[in-house]
Amino acid sequence: MMKNYTTNPDVRKGLDELQEELKCCGAVNSSDWMFFKPDKNSIPDSCCKNVSTNCGAGALNDAHKIYIEGCGAALETAIKKNLLWVGVAALVIAFIELLGVVFACTLMRGIRKGYEVM
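Source: prediction; values computed, not measured. Here the residue numbers are simple positions, counted from 1 along each chain's written sequence. Where local features are concerned, this predicted model is filtered to residues with pLDDT of at least 70; where side-chain atom pairs are given and counted, the filter is 80 or more; whole-chain, interface and lining totals use all residues. The basis for the side-chain values is all heavy atoms of the structure; hydrogens and waters are excluded.

**Quick look at the side chain of D16**
So, step 1. Under the DSSP-based scheme used, a helix requires at least four consecutive residues in state H or I and a strand at least two consecutive residues in state E, with every element numbered from the N terminus. As for its placement among the helices and strands, D16 is situated in helix α1 (residues 9-22).
So, step 2. Burial here depends on accessible area, computed with a 1.4 Å probe over protein chains only, as a share of the maximum for the residue type. Under 20% is buried, over 50% is exposed, and the range in between is partly exposed. Counted charges follow a simple rule, with Lys and Arg positive, Asp and Glu negative, and His plus the chain ends left uncounted. Salt bridges are counted wherever a side-chain nitrogen of Lys or Arg sits within 4 Å of a carboxyl oxygen of Asp or Glu. Notably, D16 is buried but unbridged: the nearest opposite-charge side chain belongs to R12, and the N-O separation is 5.2 Å.
So, step 3. A polar side-chain atom of D16 sits 2.5 Å from a polar atom in the side chain of Y5.
So, step 4. Contacts between residues were defined by any pair of non-hydrogen atoms, one from each residue, lying within 4.5 Å. Setting aside anything within four residues of it in sequence, one finds D16 in contact with Y5, P44 and S46. In protein, a polar contact requires one atom able to donate a hydrogen and another able to accept it; more generally it is a pair of N or O atoms within 3.5 Å, and residues adjacent in sequence count only if both atoms are side-chain atoms.

**Section: the nonpolar core**
So, step 1. Counting residues in each nonpolar core, the largest one holds twelve residues, listed as Y5, L15, C25, W33, F36, I43, C47, C48, C55, A59, L60 and I66.
So, step 2. With residues up to four places along the chain from it excluded, the contact list for C48 reads C55, G56, K65, I66 and Y67. What we call a nonpolar core is a set of buried Ala, Val, Leu, Ile, Met, Phe, Trp, Tyr and Cys residues that are connected through their side-chain atoms within 4.5 Å.

**Concerning the state of the cysteines**
So, step 1. Cysteine sulfur atoms that pair up within 2.5 Å are treated as a disulfide. Evaluation of the coordinates by the stated rule reveals three disulfides.
So, step 2. Here C48 pairs with C55 through a disulfide, and the sulfurs are 2.2 Å apart. On the sign convention where negative means left-handed, the S-S torsion of about 110° between C48 and C55 marks this disulfide as right-handed.
So, step 3. In this structure C48 comes out as buried when scored by relative accessible area, which is 3%.

**Details of the packing of α1 against helix α2 (residues 71-81)**
So, step 1. Where α1 meets α2, the closest approach of the two axes is 10 Å, and the angle between their N-to-C directions is 65°. Considering how the two elements wind past one another, α1 and α2 form a crossing that is left-handed. Across from L18, Q19 and L22 in α1, the residues of α2 making contact are C71, A74, L75 and A78.
So, step 2. Three classes are used, and their members are as follows: Ala, Val, Leu, Ile, Met, Phe, Trp, Tyr, Cys and Pro are nonpolar, Asp, Glu, Lys and Arg are charged, and the others, Gly among them, are polar. Classifying every residue of the contact of α1 with α2 gives six nonpolar, one polar and no charged. Helix axes are fitted only over the stretch in contact, all axes being lines through C-alpha atoms; the angle between N-to-C directions runs from 0 to 180 degrees. Left-handed describes a crossing in which the near helix is turned anticlockwise from the far one by less than a right angle; the clockwise case is right-handed.

That is the geometry; function is a separate question.
Written as structure tokens, this is what we have:
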């Protein structure tokens, strides 16, 4: 996604939202954006702690202005934090599916009994 950041507006929008939401920058850390601009010292504005126009210009290693942590670690932390809810949702869906199978078998048995009477 980082390679297509400057050419694809959808990728840009998605990556900016991810970095702002998770308060992260780059995949591993902010230095992943080293080749973002020719000066090799600029990053996207979405990496800034206070997002504003051109806040990322020349701020590659300025920990006071930008988030240093990479989005990979931040995403992993967010998933681990919500893992319990993901597991609960999976169990609820599995229970509903199992209940559907039981009702389908009950319906099939009822229909079959109706044919045997006739």
